[in-house]
Every structure is written in structure tokens, then in C-alpha cells.
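The primary structure of each chain is shown beneath.
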Amino acid sequence: MTAPVLTLNGARANVARLHVPAGGRWLVDVELDGTDVPTGAATVTIGDLTLVGTVAPWFSGSFVGVSRVRVVAGAGGWSRIVPQRAYHDDGGVRRAMVLDALAREVGETIDTTGDATRLDIDHVRFAATGARALDAVLAGIPWRVDFDGVTRYGDRPAAALGEGAELLDVDPRARLMTFAAPSPAAVPLGALVADARMGGPFVVREVEATVTAGTARILAWGVSP
């Protein structure tokens, strides 16, 4: 299988290692030739997959003609500290308003479309990282930053394995599946994997993908449906 083309802000890259957790923020480590380490907004392409994020300077640098760059999902803002803030509305504080304000403060984009939920009449957001503040407002509802850099919450949409995803190996003890695929997009979280060689199906919960000049391998951890 031909490995997908890798780029970082349009520059050809040699290696990309992508981690997509069950929830929260993805990250991708990229290696490329040269000592000019990019900063700020970053777009990584892995085949037909585009990831919109931000360079994490404290995890990036160069040595002997090779740059190693970590790109974190979105604007990288959910790690920032936000101050305490109080809200009041006699009809109940709108959750979407609280979330939109929080995202603006940390420089992120959040999709609150269709969220009509109202919180208590008085709502206090305590000082914390943006991610912890988001957890507190959502009160157990899962959230994630998608590949387009937008934060969304609630259940993930239905997904299926993409064309070209080839199951190579399964470790049933760890519920770990190994795939070859044209890009990580072919093994999305939430996809059901069923194969006659397996003892039972798994639903993809977490993914790690390593793409180099010669290979594209994806590790996917599953849970029982």
C-alpha cells in the first residue's frame, strides 16, 4: 500500500504520528527536514485527511537538520487558565452562552448549534484550565476537538471503516487492532470492526497512526459494542 503524502503548512514531512483519544484533544508529532521550526497555526495533511491545529512550541525544536514539531488540536487554548466568572439569568443561564464565552476566552471555536439547555439561575465558573471549566459546564457530556479544529460535544456521529482499511492483526487481550490504511481517516472513532477471524466485533475507541515514507500503520483500541 502506498503511503499517503504528508505535509505541514504545505512543506513535505517525513514522519507523522497521530494520537486521537476517546475524547478531548488529538495531537500529531511531525518530523521534517530543515531547521526552520514553524510556529502558530498549523495545518497537517495525511493523505486525504486535513488536521487544523496549533504548534506547541514547548514540544517542538530542531537538531542536526531535522525539525520535530508537535501540533495540538484547534488553537491549543483549552490548557489556558480562565478566571472565575459568575452568570445570572432569572430564566436559567443558557449553557450555550457560557460555552461560547469560555471558548472565546481561550481562543477556541466551539459548536453550540441547537443547544437550548439552561443551567441554574445562578451559575459560577471557577478559575481553572479551559478544559476543566468545559468539563464542569458539560457535567459529564463528552467533548472533543475534531480534525477541523472545532470543539464539539455530545455523542460522536455514526462512523464506518473507510475504503482501503485492511485489518492486519488483532490482540484480543488488549483489544488492539492493527490496520494498514490510506489515511487515519479510514479508521475513525466509533467505527464497528467485525471480521470472521475475530472472536467478536469491536468499536474503535482510540487511535494511534504512524505514517512514514514507506508505511502507514494504524493502531486502534476497541471496546465491545
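None of the values given here were measured: they were computed from a predicted structure. (Residues numbered from 1 in each chain as written. Predicted model: local features only at pLDDT ≥ 70, side-chain atom pairs only at ≥ 80, totals over all residues. Heavy atoms only, no water.)

## Side note on the packing of aromatic side chains
Point 1. Summed over all chains, the structure comprises two aromatic pairs.
Point 2. A ring pair is formed by Trp78 and Trp143, whose centres lie 5.9 Å apart and whose planes are at 55°; its orientation type is tilted. Taken together, the positions of Trp78 in the loop between β8 (66-73) and β9 (81-82) and Trp143 in strand β14 (residues 143-145) put the pair 65 residues apart, joining distant regions of the chain.
Point 3. In this structure Trp78 comes out as buried when scored by relative accessible area, which is 0%.
Point 4. Above the plane of the ring of Phe59 lies Arg70, whose end atom (NZ or CZ) is 4.7 Å from the centre. (Phe/Tyr/Trp six-rings, centres within 6.5 Å; stacked < 30°, edge-to-face > 60°. Helix = DSSP H or I, 4+ residues; strand = E, 2+ residues; numbered from the N terminus. Buried < 20%, exposed > 50% of the residue type's maximum accessible area, 1.4 Å probe, protein only. Lys NZ or Arg CZ within 6 Å of the ring centre and 35° of its normal.)

## Regarding helix α2 (residues 130-138)
Point 1. Looking at α2, one finds that the buried residues are Gly130, Ala131, Ala133, Leu134, Val137 and Leu138. Down the axis of α2, the buried side of the element spans an arc of 160°, and every buried residue falls inside it. Seen from the buried face of α2, the exposed residues on the opposite side, beyond 90 degrees, are Arg132 and Ala136.
Point 2. Downstream of α2 by a residue or two, Ala139 has a phi angle that is positive, lying close to 50°. (Arc of directions from axis to C-beta.)

## Some thoughts on the pattern of salt bridges
Point 1. Applying the stated criterion across every chain, the model contains 13 salt bridges.
Point 2. For Glu31, the salt bridge goes to Arg17, with nearest N and O atoms at 3.1 Å. With Glu31 in strand β4 (residues 27-33) and Arg17 in strand β3 (residues 15-20), this residue pair connects regions lying 14 residues apart in the sequence.
Point 3. What makes Arg17 partly exposed here is its relative accessible area of 38%.
Point 4. Put simply, Arg85 and Glu105 hold a salt bridge, and the shortest N to O gap is 3.1 Å. In this pair, Arg85 is assigned in strand β10 (residues 85-88) and Glu105 in helix α1 (residues 95-106), connecting sequence segments 20 residues apart.
Point 5. A single salt-bridge network, built from bridges that share partners, covers Asp111, Arg144, Asp146, Asp148 and Arg152. (Salt bridge = Lys/Arg side-chain N within 4 Å of Asp/Glu carboxyl O.)

## Here we look at the side chain of Thr151
Point 1. Its location among the elements puts Thr151 in strand β15 (residues 150-153).
Point 2. For Thr151, a relative accessible area of 0% translates into the label buried.
Point 3. Among the polar contacts listed, one links the side chain of Thr151 to the side chain of Trp78, at a separation of 3.0 Å.
Point 4. Not counting residues up to four positions away in its chain, the partners in contact with Thr151 are Trp78, Thr109, Ile110, Asp111, Leu134, Trp143, Arg144 and Val145. (Polar contact = N/O pair within 3.5 Å; in protein donor to acceptor, adjacent residues only side chain to side chain. Contact = heavy atoms within 4.5 Å.)

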